[in-house]
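A closer look at the structure
Each chain, letter by letter, is given below.
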Amino acid sequence: MAFVIRKTSFFIMNTLSLFAGSLVIPCLMGSLAALLFGNKSPQKKIPGLLFHSVLPCPGLNLSEYPLDNFHSFLQALNNHNIKTISVKDTLNVKSDLDKGSRCILSFDDGLECFYKYTLPVLQQTRHVSTVFCVAGYLGRFSGWDVYPTKKHLNKEQIRIISDNGHEIGSHTLTHANLPYLRDKDLDTELKRSKEILEDITSKPVTSISFPHGSWNQRVWEKAKAAGYTAATLYRGHNNAQSDQFPVFGAFRFDSTTTLLKRISPNNRIFSSSIAAAKLLSHFSKGTPVWKFRKTYRFFLKG
Ligand SMILES: [Zn+2]
């Protein structure tokens, strides 16, 4: 059954990717998504984007963003005087004026391509980011993506990234779907990943991104008890609390203009760009496929 679902989502994602070059389809999808899901105006927050991989030659995977476009986007941020900020530092920004000229650049999964391609461009354009690493897969290949897997950052690369001023956050120990874990396993995912990454960076790890964007109140309370003080939210934006920051996916076909719209604080009433990101977040990276494990349990209330 899981195999069939996996293949079906692979087909769906490939089909979506074929439309990737079109500006019309994302716009239509965005409008449809806005009608279906609404687009509640959240409380004033520093906006953020979520990337997975930035590559010179992206493949069919919607979450692979072209390196040239990424470079152009960073230059556009500079041209618009928008400064990037790490997730942990967002907690210190109190003024709404400051919030309007900042944005979070987050990178989930902590893939090796960040070190190879993304870090040099960020350094060149003087931007900072937060990289969420899966602490149990350092230097290894993962198995949860529908698309061919990529290698994760190793310890030395993580140390260099951290030493260059970028924040290292946790994306758990094994990329588990956290709301389905019993308390003991949930604690291990949260605490052990934090310890491993703190040993590498010699800095506190206080930010977390929930794998698959999957979280609930129980997960967040456990995370706070484990020492996390901020989280990015890929999903569940409307329930964001003061220490949680909604981030919108950046997808392969997104132009610089689209990404700028996605982080614009003036664009929240009706934005096809944001609505498209919300919709596509359900199709990228195999996210429609829950990776059920023996240890997963259902918690009807979190
Ligand atoms: Zn992930």
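Just above sits the structure.
Here the structure is a predicted model, which means the values were calculated and not measured.

1. Overview of the pattern of salt bridges
When the charged atoms of two side chains lie near each other, side chains of opposite charge can form a pair. Applying the stated rule across the entire model yields 10 salt bridges. Its salt-bridge partner being Arg159, residue Glu156 comes within 2.5 Å of it at the nearest N-O pair. Of the two residues, Glu156 and Arg159 both sit in helix 7 (residues 155-163), three residues apart, roughly one turn of that helix. Overall, Arg159 belongs to the partly exposed group, its relative accessible area being 31%. One salt bridge connects Lys194 with Glu198, and the closest N-O pair in it is separated by 2.7 Å. With Lys194 and Glu198 both in helix 8 (residues 183-201) and four residues apart, this pair spans about one turn of that helix. In this structure Lys194 comes out as buried when scored by relative accessible area, which is 11%. Residue classification places Glu198 among the partly exposed residues on the basis of a relative accessible area of 23%.

2. Thoughts on the pairing of strand 1 (residues 48-51)
Because side chains alternate across strand 1, one face comprises the buried residues Gly48 and Leu50, and the other comprises Leu49 and Phe51, equally buried. Judged from the four bridges that link them, strand 1 and strand 5 (residues 102-109) form a sheet pairing that is parallel. Residue pairing in the sheet places Phe51 in a bridge with Phe107 of strand 5. As defined by bridge partners, strand 1 adjoins strand 10 (residues 244-249) across three bridges and the pair is classed as parallel.

Definitions and cut-offs
Once a new chain begins, its residue numbering starts again from 1 and follows that chain's sequence as written. Only residues with pLDDT of at least 70 get local features here, since the model is predicted, and only at 80 or more are side-chain atom pairs given and counted; chain-wide, interface and lining totals rely on the full set of residues. Excluded from the side-chain calculation are hydrogens and water; included are all heavy atoms of the structure. Each reported salt bridge corresponds to a side-chain nitrogen of Lys or Arg within 4 Å of a carboxyl oxygen of Asp or Glu. The way it works is that DSSP assigns letters per residue, a run of H or I at least four long becomes a helix, a run of E at least two long becomes a strand, and they are numbered from the N terminus. For every residue, the accessible area obtained with a 1.4 Å probe (protein chains only) is divided by the maximum for its type, and the residue is called buried under 20%, exposed over 50%, and partly exposed between those limits. Pairs of strands are assigned from DSSP output, requiring at least two bridges between the strands.

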